[in-house]
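# Residue-level structure breakdown
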Amino acid sequence: MLKRAALLFAVMATCCKLAAEVHAFPVTVDNCGEPLIIKAPPQRAVIHDINMTEMAFALGLQPRMIGVTGITGWYKASATFKAALGNIPELASKYPTLENLLAARPDFFFAGWYYGMKPGGDITPARLAQHGIQTLVLTESCIHGGRERPKASLALLYNDMLRLGSVFGKRSEAEQLVAQWRLRIQALQSTPSASTSTQPLRVFVYDSGEDKPFTAGRAAMPTALIEAAGGRNIMDDMSTSWGYASWESVASRNPQLLILLDYQDGHGPSRLLATLQAHPAMRHTEAVKRQRYIALRYSELTPGPANIEAIEKIARALRAIE
C-alpha cells in the first residue's frame, strides 16, 4: 500500500508539473524589441555557442536539446562542459549552415548576431521562421540589428536567463538562479575596499589583434562585469559591443589591469602579453610594466552563468592592486 501511495503521489506530482507548464503557455518574450510568442515549450532545441549552451545547462534543458553548434571549432571544452553535454551532438563546429539545422529538424534555435547568425546571412530569425523554427536572440547582440546601443549591464545576463526560462516553462527555476547571482554580487560589492581613491581602476580587455587591438566596447558584457567588480573599462566610450580600437587610444588611457582572453588553445595569455610587452607604447603602461593581468575564458566574458565567477575574479585582481 505504501509503495502504491508513493507511486500515485509521484504520478500526480508529474501531472501537476506538466499541467502547470501547459497552462503557462502561450508566453510572449521580448526578442530585440519584437514579441516572440511561444505556444508550447520547445522539444527539439539547438543552442549555439558555449555561453548560451551553459545557460541551457543551468536550467537543465538537456532533455529538450537535440544539438549544439559553434563549440569545438573555437574552444577547448572543459570536462565539466562535456559531462553536461552528454550525448547531445554538435551539428557544426563553428557557424551552422541552414542545411545543418534543417537536417536536425529543430523547433527552436538560441543564438545571436555574430553568435551563430550574421545580418543578411542564410540563418536569420526570419529565414528560420519559414521552416517552422523559432529563434531567441541573445540580447547583447541586438545592437547589430540597428537598434540603440545602451551600455552593457548585468541585466543582459539576468533577463536572458529569465527569457530562456519562460520559453521552456522554467521561469521559476530561472528566477531562483538570478536571485542567487544577485546575492553573490551584492555580497561582493558590500565588501569594504582598502583603496582611498574615488576613481575606479582602469581596465583594458584584450581579445586579439596585433596591428589593432580587438576589444570590448560599451555594449559588450565585459563593461558590465568590470563595473560590477568595481573597475572601469577604459574603452567604454566605443559605441559598439566588440570591435577594433587603436593602440594609441589604449596606451594614452594607461590601463592598470589587463583582462586577457584565454581561448584555451595551449598558449594561454602568454602570446597576448608578449604582444603588449613588445609594443612601443603599450609596454610603458602601468598594467604591462607591472604585469598586472588576469586571463578569462570566452564563456566568462560573454553573457552566461560564468559571468558571476568572472566578476569575482576581476574584483580580487582589482583589490590586489589597491
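Reading guide: rules and limits
- Residues numbered from 1 in each chain as written.
- Predicted model: local features only at pLDDT ≥ 70, side-chain atom pairs only at ≥ 80, totals over all residues.
- Heavy atoms only, no water.
- Helix = DSSP H or I, 4+ residues; strand = E, 2+ residues; numbered from the N terminus.
- Core = buried A, V, L, I, M, F, W, Y, C linked by side-chain atoms within 4.5 Å.
- Buried < 20%, exposed > 50% of the residue type's maximum accessible area, 1.4 Å probe, protein only.
- Contact = heavy atoms within 4.5 Å.
- 1 Å grid on protein atoms, 1.4 Å probe; cavity = no way out; pocket = protein on both sides within 12 Å on 5 of 7 lines; lining within 4 Å.
- Points joined across faces, edges and corners; volume = space filled by probe spheres on them.
- Nonpolar A, V, L, I, M, F, W, Y, C, P; charged D, E, K, R; others polar.
- pLDDT = per-residue confidence, 0-100.
- Salt bridge = Lys/Arg side-chain N within 4 Å of Asp/Glu carboxyl O.
- Pairing = 2+ DSSP bridges.
- Axes fitted to C-alpha atoms, helices over the stretch in contact; angles between N-to-C directions.
- Parallel < 35°, antiparallel > 145°, perpendicular 65-115°, else oblique.
- Left-handed = near helix turned anticlockwise from the far one by under 90°.
- Lys, Arg positive; Asp, Glu negative; His and termini not counted.
- Polar contact = N/O pair within 3.5 Å; in protein donor to acceptor, adjacent residues only side chain to side chain.

### Some points on the environment of valine 205
- You can see valine 205 is positioned in strand β9 (residues 201-206).
- Taking C-alpha positions, valine 205 is 9.6 Å from isoleucine 226, a pair spaced 21 residues apart along the chain.

### Some points on the nonpolar core
- Among the nonpolar cores identified, the biggest contains 70 residues, and Phe110, Leu154, Leu164, Ile259 and Ile314 are the most heavily contacted of them.
- Not counting chain neighbours up to four residues away, the residues in contact with leucine 154 comprise Ile185, Met221, Ala224, Leu225, Ala228 and Ile311.
- Formed by 17 residues, the second largest nonpolar core is a distinct cluster that contains Tyr206, Met235, Leu273 and Leu276.

### Concerning the layout of surface pockets
- By volume, the largest pocket is sized at about 530 Å³.
- Taken together, 22 residues make up the lining of the largest pocket; nearest its centre are Tyr95, Tyr114, Phe214, Tyr263 and Tyr298.
- When grouped by side-chain class, the residues that make up the lining of the largest pocket number 11 nonpolar, seven polar and four charged.

### Considerations on the confidence of the model for the protein chain
- Taken residue by residue, the protein chain gives an average pLDDT of 91. The fraction at 70 or more is 89%.
- Contacts for the low-pLDDT stretch residues 18-22, under 50 throughout, to residues beyond four places or in other chains number four contacts.

### Side note on the environment of histidine 131
- Mapped onto the secondary structure, histidine 131 falls in the loop between α5 (125-129) and β8 (134-137).
- Between the C-alpha atom of histidine 131 and that of arginine 105, which follows or precedes it by 26 residues, the distance is 9.2 Å.
- Apart from the residues within four sequence positions on either side, histidine 131 is in contact with Leu98 and Leu102.

### Things to note about the pattern of salt bridges
- Enumeration over the complete set of coordinates arrives at 12 salt bridges.
- A salt bridge links arginine 127 to aspartate 122; its shortest N-O distance comes to 3.7 Å.
- Several salt bridges converge on common partners, so that one network encompasses Lys151, Glu227, Arg232 and Asp236.

### A word on the pairing of strand β6 (residues 108-113)
- Counting buried residues along β6, six of its six residues qualify, which places the element largely inside the surrounding structure.
- Summarising the sheet, strand β3 (residues 45-48) and β6 pair through three bridges and their orientation is parallel. Within β6, the residue paired with valine 46 across the bridge is phenylalanine 109.
- In this sheet, β8 lies alongside β6 in parallel orientation, the contact comprising four bridges. Note on β8: the bridge partner recorded for phenylalanine 110 is leucine 136.
- Of the strand pairs in this sheet, β6 and strand β7 (residues 116-117) are connected by two bridges, and their pairing is parallel.

### Looking at the packing of helix α6 (residues 155-167) against helix α7 (residues 171-189)
- At their nearest, the axes of α6 and α7 sit 7 Å apart, and the two run at 165° to each other. Taken as axis vectors, α6 and α7 run roughly antiparallel relative to one another. Remark: the crossing between α6 and α7 carries right-handed chirality. Residues Leu157, Tyr158, Met161, Leu162, Gly165 and Ser166 of α6 lie in contact with α7, whose contacting residues are Arg171, Ala174, Glu175, Leu177, Val178, Trp181, Arg182 and Ile185.
- Classifying every residue of the contact of α6 with α7 by side-chain character gives nine nonpolar, two polar and three charged.

### Focus on the environment of phenylalanine 204
- If you trace the backbone, phenylalanine 204 turns up in strand β9.
- Take phenylalanine 204: its relative accessible area is 0%, and that puts it in the buried class.
- For phenylalanine 204 and arginine 253, which are 49 residues apart along the polypeptide, the C-alpha to C-alpha distance reads 9.2 Å.
- Beyond its immediate stretch of four places on either side in the chain, phenylalanine 204 contacts Pro213, Thr215, Ile234, Met235, Trp247, Val250, Pro255, Leu257, Leu258 and Ile259.

### Section: the side chain of aspartate 49
- Mapped onto the secondary structure, aspartate 49 falls in the loop between β3 and α2 (50-58).
- As a buried residue without a salt bridge, aspartate 49 has its nearest oppositely charged side chain in arginine 297, at a separation of 11 Å.
- Separated by 2.8 Å, the side chains of aspartate 49 and tyrosine 298 make a polar contact.
- When neighbours within four sequence positions are excluded, aspartate 49 is seen to be in contact with Thr69, Gly70, Ile71, Tyr75, Tyr115 and Tyr298.

### Considering the side chain of threonine 53
- Here threonine 53 lies in helix α2.
- Within the local environment of threonine 53, its side chain forms a polar contact with the backbone oxygen of aspartate 49, the two atoms lying 2.7 Å apart.
- Residues within four places of threonine 53 in sequence aside, it is in contact with Ile47, His48, Met65, Val68, Ile71 and Phe81.

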